[in-house]
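# Topology and contacts: notes
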Amino acid sequence: MEIIVRAAVLFLFLWVVTRIVGRSTVGELSTFQLILYIAMGDLIQQGVTQQDYSVTAAVLTVGVFALLTMGLSWINSRFPRMRGITHGIPVIIVRDGVPDLHRLRTERMSLDDLMSSARQKGIRRFDEIELAVLETNGRVSFFTRAEGGADESAHPDII
């Protein structure tokens, strides 16, 4: 029974830590962050099982983590208002070409990181962005301005 309580407590601790650390996808983690998360997993295992290497302890630990993960998914599907707490909410970080510096600072995202994400989508300047949204998974969705004015000559068929 003690292993189940330990697993539940450490699961909740890991959930809180990942919510506090911020929104990053695995592909965007630095080498140090990735190593830190792997080491954290080993440390958690030791804390849960107290060096109990039995199959029973492993099954109980993984089972508790799986049940709590399924429980969070069930809560999210059943109570939509809880999604903001469990997964976060998307936030607008650029509006009409102007980055929201306060929001970027709150989300611990630099202008360089934002511009790097924009360049990957073929966006060269902030003024091309009508809206940018930092999604709950750490990715940025960009909505660019409709083409017009000087670009019409490049597309003569468009009226």
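The text that follows walks through the structure, step by step, so that each part is easy to find.

Rules of the game
- Residues numbered from 1 in each chain as written.
- Predicted model: local features only at pLDDT ≥ 70, side-chain atom pairs only at ≥ 80, totals over all residues.
- Heavy atoms only, no water.
- Helix = DSSP H or I, 4+ residues; strand = E, 2+ residues; numbered from the N terminus.
- Buried < 20%, exposed > 50% of the residue type's maximum accessible area, 1.4 Å probe, protein only.
- Contact = heavy atoms within 4.5 Å.
- Salt bridge = Lys/Arg side-chain N within 4 Å of Asp/Glu carboxyl O.

## Observations regarding the side chain of N76
Within the secondary structure, N76 is located in helix α3 (residues 55-78). On the basis of relative accessible area, N76 is assigned to the buried category, the value being 7%. Other than its neighbours up to four places away in sequence, N76 contacts M82, R83, T86 and H87.

## Concerning the pattern of salt bridges
Within the structure shown, the criterion is met by three salt bridges. The partner of D127 in a salt bridge is R125, and the shortest N-O contact between them spans 3.1 Å. D127 sits in the partly exposed class, given a relative accessible area of 43%. According to the relative accessible area criterion, R125 is partly exposed, its value standing at 46%. Put simply, R125 and E128 hold a salt bridge, and the shortest N to O gap is 3.6 Å. Connected through salt bridges with shared partners, the residues R125, D127 and E128 form a single ionic network.

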